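Now for the letters of each chain:
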Amino acid sequence: MTSNISAPPTGPRPPAHARRSSDRPSPRPRRTPSGTPRITLRRLTGGLGTVLLCLGTVLFVLPFVFTVVTSLRTAADVARSPLGIPHSLTLKNFTNAFSQIHYGPSTLNTLLITGLSCAAITIIGSLAAYPLARITQHWSTTVYRLFILGTSVPVFVVVAPLYLLMRDLNLLDTYAGVVFIYTALNLPVAVFFYTSFIRSIPGDLEEAAALDGCGALRTFFTIILPLLRPVTSTLLTFISLQIWNDLLVPLVFLQDPGKRTVMVNAYSFIDPHTVQPTTLFPAALLGVLPLLVIFVFLQRQVVAGMSAGAVKS
Amino acid sequence: MFHRRRATMAAFLLPAITVYGVFMLYPLARGIYLSMTDSLGGPIAHFVGTDNYRAMADDPKVTAALWHTVLYAAVVVVVQNGLGLLFASMLFRRPRVRKVLNVVLLTPTLISPVMAAFIWSYLLAPSGGINVLLDLVGLHGLTHVWLGDTSTALYAVAAVNIWMFTGYSCAIFLASYMSMPAELLEAAALDGARGWRRFVSIEWPLLAPALTVNVTLSLIGSLKVFEFPLVLTNGGPADATDTLTLLVYRNVFGGGKFAYGVALSVVLLVTVVVLSSATSSLLRLRERRI
């Protein structure tokens, strides 16, 4: 199941080419004399389409380019002509924003929370998915359905009772509390991913292992877990993006300034309605910088992961 | 031997059930109970039945927020998926630019909603990027106080949402395009089907599962939108962009109307579950008929 999902970036090229090459010559023999101008017309509209497509895409990244350029200009320069050519470039805006949103410590906090949550979600989720995929009994289907139910519950629905619970458990203002919340919120997706993946693995190997006296725990770690690597990377791109970018959970559950995440600091220190773009934009860029760096390195996996994550659910 | 094995396997479920039960199912159940009390978040709470819900029916802010939420979701679902489909079908026909443009379109998806809202709050400001650009190309008449006008604010916020996630919709449609059987497309080409005709009778039916996923995801996502209206307008002007989530947040944390806020969150849950399950089952039914 997952093999055809991770396929898109590599696999599909040949069929597309095959389609193109057979698509074009076939009409030619049918209407040889009058067909030629139609083909050039088609090529023209095709070329026009490509130009429009590129323009449309540029329109989508233009705000980004504008953000980068503006954050490198001085405030006076921007005030003079917001869309003009920059006269001189400066990194001062970035150093200002860096200290204003306490970038260093808040990045470490975000990294810690994202890392711990991702680890918990993948470990607990894959462990739970194994029995759910292999035991076909009434109770296991019920448990599975209960997990799937969670995919459509917005955080907002549980945020108030969760706040009371965290207060009662003394977990307010702790990393553990936030990690627990993220784990519970994302377990449904993880269980869904892993269960459907394990179901597509034939059980022969496990049966052989069982006959050789291999226990369930060892079977899971030696046979199932190594096979889960591709789904795990897909799942991780999906989940880490969500957790890194989230505002609500850390905003509500981490009041201690020393524990705040990048998004909370950016949100609480910067008011977009009164602040200059030269303060606003560097802060926005710093917030996404770590993700963009990872994206550049893992571009293919991220693209595959984002579309696969959706095609599956 | 196999019996004991199954018991060990079942034990693997324990950590997941514990965390999920304590931090998800229990709060969910307690939330539904709290919505029928007069709780202020403290230890004292009295059962008041459906009082909170009845108060909501008379609260113009709630009816307005519900309407804004649904309208916002409708605009986002239609425009975002329409644009995503347009991009995907054009990209599919152009293998040479496909990969690069797909990645470029996905970049807005990577940034956080807070950061996207930061960028756009300047672009949409009265003297910000969009208006300056319109002036520059001579379209002075189109300049507008996008976020300050009650008639455009909600759509402006929706536009930012659409900007951020169109690439995502496009990637899902494109993945579905890529899994189309080549023989089928070849056969269609041999029969002379191309352009609009090919799209309507071959591609559109094959895209049905991707459409279901895209519509369901964007619907759930836009119904629970929070960061965009919070950062861009904070519900204003004159409550024109107040959504259910903003109302929940404001009542629960700082409104002094804790139980009322919780009841609002139950309304949000019902809205999301009813609309998303109705839509996805309708679309699944359609998939089967095709």
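Residues numbered from 1 in each chain as written. Chains lettered and ligands numbered in written order. Predicted model: local features only at pLDDT ≥ 70, side-chain atom pairs only at ≥ 80, totals over all residues. Heavy atoms only, no water.

(A) Local environment of the overall build of chain A. Counting its regular elements, chain A contains 17 helices and 0 strands. By the burial criterion, 50% of the 313 residues in chain A qualify as buried. The contacts of chain A with a sequence gap of at least 6 include a subset with a gap of at least 24, amounting to 75%. Counting every atom, chain A has about 14,500 Å² of accessible surface; 68% of that belongs to carbon and sulfur. (Helix = DSSP H or I, 4+ residues; strand = E, 2+ residues; numbered from the N terminus. Buried < 20%, exposed > 50% of the residue type's maximum accessible area, 1.4 Å probe, protein only. Contact = heavy atoms within 4.5 Å. Areas by Shrake-Rupley, 256 points an atom, 1.4 Å probe, with all protein chains shown as cover.)

(B) Inspection of the overall build of chain B at higher detail. The number of helices and strands found in chain B is 14 helices and 0 strands. Ordering the α and β elements of chain B from the N terminus gives α-α-α-α-α-α-α-α-α-α-α-α-α-α. The dimensions of chain B, computed from C-alpha atoms along their principal axes, are 75 × 75 × 30 Å. Looking at chain B residue by residue over its 290 residues, the buried ones come to 56%. When contacts within chain B are restricted to residue pairs at least 6 apart in sequence, those whose partners lie at least 24 apart make up 69%.

(C) Here's a closer look at unusual backbone geometry. The phi torsion at Asp173 of chain A lies on the positive side, around 65 degrees, for a residue other than glycine. Looking at where Asp173 of chain A falls in the secondary structure, it is placed in the loop between helix 9 (155-168) and helix 10 (175-199). On the basis of relative accessible area, Asp173 of chain A is assigned to the partly exposed category, the value being 23%. Not every positive phi belongs to a glycine, and Asn234 of chain B is a case in point at roughly 50 degrees. By the secondary structure assignment, Asn234 of chain B is in the loop between helix 12 (227-232) and helix 13 (244-252). For Asn234 of chain B, a relative accessible area of 48% corresponds to the partly exposed category.

(D) Region of the structure containing the environment of Glu287 of chain B. Residues and elements named next belong to chain B. Along the chain, Glu287 turns up in helix 14 (residues 258-289). Sequence spacing of Glu287 and Arg197 is 90 residues, and the spatial spacing of their C-alpha atoms is 20 Å. In this view, Glu287 contacts Ala208, Pro209 and Thr212; residues no more than four positions away in its chain are not counted.

(E) Expanded view of the environment of Val48 of chain B. Residue and element names in this part refer to chain B. Position of Val48 relative to the elements: it lies in the loop between helix 2 (13-34) and helix 3 (51-57). On the basis of relative accessible area, Val48 is assigned to the partly exposed category, the value being 24%. In the structure, Val48 is positioned 40 residues away from Thr8 in sequence and 45 Å away in space, judged by C-alpha atoms. With near-sequence residues (within four places) excluded, Val48 lies in contact with Met36, Thr37 and Asp38.

(F) The arrangement of the interface of chain A and chain B in detail. On the side of chain B, 97 residues touch chain A, which itself brings 111 residues to the contact. Between chain A and chain B, roughly 9,300 Å² of surface is buried when both sides are summed, and carbon and sulfur atoms account for 78% of that area. For the interface between chain A and chain B, the tally reads 7 residue pairs in polar contact (both at pLDDT 80 or more). Per-element accounting of the side of chain A that touches chain B gives the leading share, 15 residues, to helix 4 (residues 32-71) of chain A. Tallied by class, the residues present in the side of chain A that touches chain B amount to 78 nonpolar, 21 polar and 12 charged. (Buried area = accessible area lost by both parts, 1.4 Å probe. Polar contact = N/O pair within 3.5 Å; in protein donor to acceptor, adjacent residues only side chain to side chain. Nonpolar A, V, L, I, M, F, W, Y, C, P; charged D, E, K, R; others polar.)

(G) Highlighting the packing of aromatic side chains. This structure, assessed with the given rule, holds 22 aromatic pairs over all chains. Where Phe199 of chain B meets Trp204 of chain B, the ring centres are 6.2 Å apart and the plane angle is 40 degrees; that geometry is what we call tilted. For Phe199 of chain B, a relative accessible area of 14% gives the class buried. By way of ring pairs, the aromatic residues Phe156, Tyr163 and Phe253 of chain A together with Phe226, Tyr249 and Phe253 of chain B are connected into one cluster. One residue, Arg199 of chain A, lies across the ring of Tyr144 of chain A, its end atom 5.0 Å from the ring centre. (Phe/Tyr/Trp six-rings, centres within 6.5 Å; stacked < 30°, edge-to-face > 60°. Lys NZ or Arg CZ within 6 Å of the ring centre and 35° of its normal.)

(H) Here's a closer look at the confidence of the model for chain B. Residues and elements named next belong to chain B. On average, residues of chain B score 90 in pLDDT, and 99% of them are at 70 or above. At the low end of the mean pLDDT range in chain B sits helix 1 (residues 2-11), at 80; at the high end sits helix 2, at 96. In the predicted assembly, ipTM is 0.90 and pTM is 0.86. (pLDDT = per-residue confidence, 0-100.)

(I) Layout of the pattern of salt bridges. Residues and elements named next belong to chain B. Scanning the model with the defined rule gives 9 salt bridges over all chains in all. A salt bridge links Arg54 to Asp51; its shortest N-O distance comes to 3.8 Å. Linking Arg54 with Asp51, this pair stays in helix 3, spanning 3 residues, or about one helical turn. By relative accessible area, Arg54 is classed as exposed at 54%. Classification of Asp51 as partly exposed rests on a relative accessible area of 40%. Notably, a salt bridge pairs Lys61 with Asp239, separated by 3.8 Å at the nearest N-O pair. Of the two residues, Lys61 sits in helix 4 (residues 60-92) while Asp239 sits in the loop between helix 12 and helix 13, which places them 178 residues apart along the sequence. Among the residues examined, Asp239 registers a relative accessible area of 32% and is labelled partly exposed. Overlapping salt bridges bring together Arg93, Arg198 and Glu203 as one network. (Salt bridge = Lys/Arg side-chain N within 4 Å of Asp/Glu carboxyl O.)

(J) Spotlight on the side chain of Glu227 of chain B. You can see Glu227 of chain B is positioned in helix 12. Buried and unpaired, Glu227 of chain B has no salt bridge, with Lys224 of chain B as the nearest side chain of opposite charge at 9.5 Å. Excluding residues within four positions of it along the chain, Glu227 of chain B makes contact with Asn245, Asp246, Leu247 and Leu248 of chain A together with Pro113, Val114 and Leu232 of chain B. (Lys, Arg positive; Asp, Glu negative; His and termini not counted.)

(K) Region of interest: the side chain of Asp242 of chain B. Residues and elements named next belong to chain B. Tracing the backbone shows Asp242 in the loop between helix 12 and helix 13. Overall, the relative accessible area of 2% leaves Asp242 in the buried class. If sequence neighbours within four positions are ignored, Asp242 has contacts with Ala65, His68, Gly235, Leu247 and Arg250.

(L) Geometry of the nonpolar core. The biggest cluster of nonpolar side chains holds 173 residues, and the ones touching the most others in it are Phe147 and Phe253 of chain A together with Phe118 and Phe228 of chain B. Among the elements that take part in this core, helix 8 (residues 153-178) of chain B stands out by supplying 16 residues, more than any other. (Core = buried A, V, L, I, M, F, W, Y, C linked by side-chain atoms within 4.5 Å.)

(M) Helix 7 (residues 129-136) of chain B, seen in detail. Along helix 7 of chain B, the residues that are buried comprise Gly129, Asn131, Val132 and Leu134 of chain B. Of the residues flanking the end of helix 7 of chain B, it is Gly138 of chain B, one or two places downstream, whose phi is positive at about 90 degrees.

(N) Quick look at helix 6 (residues 113-123) of chain B. Residues and elements named next belong to chain B. Burial of helix 6 is extensive: 11 of the 11 residues sit out of reach of the surface. Restricting attention to buried positions, one finds in helix 6 the residues Pro113, Val114, Met115, Ala116, Ala117, Phe118, Ile119, Trp120, Ser121, Tyr122 and Leu123. The opening residue of helix 6 is Ser112, an N-cap whose side-chain oxygen sits 3.1 Å from the backbone nitrogen of Val114.

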